[in-house]
Structures are given as C-alpha cells and as structure tokens.
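Overview (structure and organization)
Take a look at the letters that make up each chain.
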Amino acid sequence: MPQSKEAYIQQCLTKYKNPVTTKGDVMNALRHYRGLQGKLDNFVFNDGTHQELLCLHGTIPVQYKGSTYNIPVCVWLMQQHPIVAPLCFVKPTQDMQIRVSQHVDYNGKVFLPYLSDWSQSSSDLLGLIQVLVIIFSEKPPVFAKPRNAHPHAAYSGQSGYQGSESPAYPYPTQPAMPYPVQPPARPAYPMPGGYPPYPGAANTPYPPYPTPAQPVFDGGATIGEEHIRASLLSAVQDKVRRRVRELASQAQAELEVLSGTERDLQQGKTKLEGVLRQLDQEQTVLDERLGILREKNAEMDAALARMEGEDQMDIDEAVITTAPLYKQLLQTFAEENATQDAIYHLGESLGHGVIELDVFLKQVRMLSRRQFMLRATMQKCRQRAGLAG
C-alpha cells in the first residue's frame, strides 16, 4: 500500500527538534502549492559537512506580463525549524539560466528580508513562498537559454544575461540537488542595469517586503495589482496588530507590577499600624507601672525616714508574718536551709578526717530524713497559701 504524503513527511522529520510544528508548517504549504513536493535529501554546507534535511522542491506559479510561469525552486528546512530560517534556492533546469539580482546570487540562493528577519512566531513556509511569488513576479529569477548558446555561457560584461529576455516556460521538475550555502551576511547587488559586484564590495540595502497574511496563489491563479495591494495591506494590518498586542502585553505587565507593589505597600501599612497600636498599649502599661513604682518608692522613703529616729531593732523581730501559715512556711524554709548547710559541713569534716565514716553516714541519713520532711511541709504550705510551686 503506497505511503501517504503526510506519513512520509512525518517520517522525514524524525531528526528534527520540533517535528509537530514543522510538519504542520510543511503540510500547510504543500496544500496551497501543489507543484511542490517534500523529500529527505543530503545537504552539503560550506565547510563540507553533510546533513539530511527535508527539502521542498518543485515549481511555484508566477504571473509575469499576463502569463503564468512555473519557477523551479527548492527550500531546505533546517533541523531547528521553525526557530532557524530555511534556505531557499532557485533551481534552474538545463534549458534555464539564473538571472542575478539583488535577491538571487550566481548559485541561485535567494536573499530576502523575510528570511533575514525570520521569526518563529510570525514566519512560516506559506508566507515565505507567497513572498517569493511576489518578488519573482516583478523580476523573474530565470530565463530561457538561446538554443545556439554554449552550455557554459553565462554572463558578459554588460548587465544581466545576454540571451533570451523572456521568462523560462514550464519545465519538468528535476531532482533537487543541494547548493552550497552563502555566507550569512546579506550580499549586495546593484540596481537593475549594473553588473553584480564581487564579494567584499560595499553592500547595497534592498527594500523589505512585508509578509502576506493570506495566500496569494492557489495553483495557477492569476495575480494582479489588487492581490498585491491586498497582501500588502493585510501584512501591514498584521504588523500593526502584533505591535498593538506587544504594547498591550507590556502595559499589562507594568500594571501587574504596579498592582503587586500596591499590595505590598498596603500590607506594610497594615503591619505598621499594628506595630503602632502595640507600642501605644505598651506605653500605657509602662506608664501605669511607672506610677506604681513611684508610689512604692515614696513609701520606702517614708519608711526609711521613720526608721532613722528609732533604736536598732532585731533582724529576727523585723520579719513578722501576717498569718500563721506564712510563719510556718518561713520557719520551715529557714530550718531546711540550715539542714542543707549541716550536710555540707559534715562532708567537709569527713574529707578532712575530723569524723569517721560511720558517724558521717549516720548523721547524713538523719539530716536527709529531716530535710525531706521539711520540704514536704513547705510544699503543702505553698499549696494552702496559693503560691507557685
């Protein structure tokens, strides 16, 4: 069972970086231009390296002086397509001769602003072929050789080819062969009427051509000024739309940044207001505690003034509890600390050899029991008095 065109194209794109996008681009171009076919072929670069690339070869219909001519071309798609622009060549048959111009060099390679300004988002194969049709309709890239011309005759010192000045008529499609790639810089060609300069001559810029937004040709359709005008108008509209979308996207991004900044400022304002309220509350508490401190300080000053005129008093009598429970707690605490000191001094005496070990153990055991009872009593007193444990 013969393989379908779409399946064959998909098989040819196995080594491509973006096979799905490339396949859609190729199939769209082949649907509009039936004279083109796709095949996988070996391409030779300037440095001698080889690479298998997909090539769209065949003819495209061009209207010139009221007649339709089929111009043989081949378009090589790089493996990074559509990120990298394709390479376009005019592929003349044995009965055709290339006419060098500002868009086509001696090897048949095509130079266009559409290729040099290739963009992944706004450029495709269909638009490229439509631009080729428009350019070639203004100045055909090939001419028919005179029958008595030598096979290797090419160019004289005058402008253009000195053979037939009529475009080549349709010829059978020949197998596409890879052409050497020119340097990436745009070559410069003189205006019609002058001989092309050699490499290294000063470059002459050529006018850019907009990309038609809709197909200009479908099969052998006739192109006229209305079609070109509509294509140019559509291209300008597309460019304006893209520019408007870019400006709108830029404005939207700036608006989002400003909105984020506003949210951050509002959050910062809320945090600052909360901090200020907390500071006001703390200031109020500090003022209250400062007033209490001043009152206590005044009471202490008054107590000291009263005590200056009195006789020296006993320290033990100075501490008077307000309730029997507190008195018991105070006495228990003092006794427990005294017990702790006694155990310490017993250890010191044992270390210096003042007492024997059995005496030390007996006294420590007795004091430890006493200390345990005192601590238990203090714990109960604290619980009764509602004090912290």
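Residues numbered from 1 in each chain as written. Predicted model: local features only at pLDDT ≥ 70, side-chain atom pairs only at ≥ 80, totals over all residues. Heavy atoms only, no water.

As for unusual backbone geometry
Cis peptide bonds are those with omega within 30 degrees of zero, and the linkage from His 81 to Pro 82 qualifies with 5 degrees. Locating Pro 82 in the fold gives a position in the loop between strand S3 (67–77) and strand S4 (87–90). Located in the positive-phi region is Lys 65, a residue other than glycine, with phi close to 55 degrees. Tracing the sequence through the fold places Lys 65 in the loop between strand S2 (50–64) and S3. For Lys 65, a relative accessible area of 72% translates into the label exposed. (Helix = DSSP H or I, 4+ residues; strand = E, 2+ residues; numbered from the N terminus. Buried < 20%, exposed > 50% of the residue type's maximum accessible area, 1.4 Å probe, protein only.)

Brief notes about the confidence of the model for the chain
Low pLDDT marks regions whose predicted coordinates should not be analysed in detail. Chain-level statistics for the chain give a pLDDT mean of 79 and a share of 76% at 70 or above. Per-element averaging of pLDDT across the chain places helix H6 (residues 315–318) at the bottom with 65 and S4 at the top with 95. (pLDDT = per-residue confidence, 0-100.)

Points about the nonpolar core
Core analysis: the biggest nonpolar cluster contains 47 residues, and Ile 60, Trp 76, Leu 112 and Phe 136 have the highest contact counts within it. Examining the composition of this core, we find that nine residues originate from one element, helix H4 (residues 125–138), more than from any other. (Core = buried A, V, L, I, M, F, W, Y, C linked by side-chain atoms within 4.5 Å.)

Quick look at the packing of helix H1 (residues 5–12) against helix H2 (residues 19–32)
Closest axis-to-axis distance for the H1/H2 pair is 10 Å, and the angle between their directions is 140 degrees. One element, H1, and the other, H2, form an angle in the oblique class. Pair H1 / H2 crosses with right-handed handedness. Touching Lys 5, Glu 6, Ile 9 and Gln 10 of H1 are Lys 23, Val 26, Met 27 and Leu 30, all from H2. Split by residue class, the contact of H1 with H2 holds four nonpolar, one polar and three charged. (Axes fitted to C-alpha atoms, helices over the stretch in contact; angles between N-to-C directions. Parallel < 35°, antiparallel > 145°, perpendicular 65-115°, else oblique. Left-handed = near helix turned anticlockwise from the far one by under 90°. Contact = heavy atoms within 4.5 Å. Nonpolar A, V, L, I, M, F, W, Y, C, P; charged D, E, K, R; others polar.)

Focus: the side chain of His 81
Among the structural elements, His 81 can be located in the loop between S3 and S4. When residues no more than four places from it in sequence are discounted, the contact partners of His 81 are Asn 18, Thr 22, Asp 25, Pro 86, Trp 118 and Leu 125.

So, the sheet that holds strand S1 (residues 36–44)
Adjacent strands of a sheet pair through backbone hydrogen bonds, lying either parallel or antiparallel. Taken in spatial order, the four strands line up as S1-S2-S3-S4 in an open sheet, and their pairing is antiparallel. With one partner strand each, in any of the chains shown, S1 and S4 form the two edges of the open sheet. Across this sheet, the average inter-strand angle for adjacent strands is 35 degrees, counted without regard to direction. Two elements, S1 and S2, share nine bridges in a ladder whose sense is antiparallel. (Pairing = 2+ DSSP bridges.)

Looking at the side chain of Glu 336
As for its placement among the helices and strands, Glu 336 is situated in helix H7 (residues 324–352). By relative accessible area, Glu 336 is classed as buried at 7%. Beyond its immediate stretch of four places on either side in the chain, Glu 336 contacts Gln 371, Leu 374, Arg 375 and Met 378.

Describing the state of the cysteines
As enumerated under the stated definition, the model contains zero disulfides in all. The thiol sulfur of Cys 88 is not disulfide-bonded, and the nearest other cysteine sulfur, from Cys 74, lies at 8.3 Å. Classification of Cys 88 by relative accessible area gives buried; the value is 2%. (Disulfide = S-S within 2.5 Å.)

Details of the packing of aromatic side chains
Applying the stated criterion to the full structure yields four aromatic pairs. Seen from their ring centres, Tyr 114 and Trp 118 are 5.9 Å apart, and the 85 degrees between their planes marks the pair as edge-to-face. Accessibility assignment for this pair places Tyr 114 and Trp 118 in one class, buried. An aromatic cluster of at least three residues, connected via ring pairs, comprises Phe 43, Phe 45, Trp 76 and Phe 89. (Phe/Tyr/Trp six-rings, centres within 6.5 Å; stacked < 30°, edge-to-face > 60°.)

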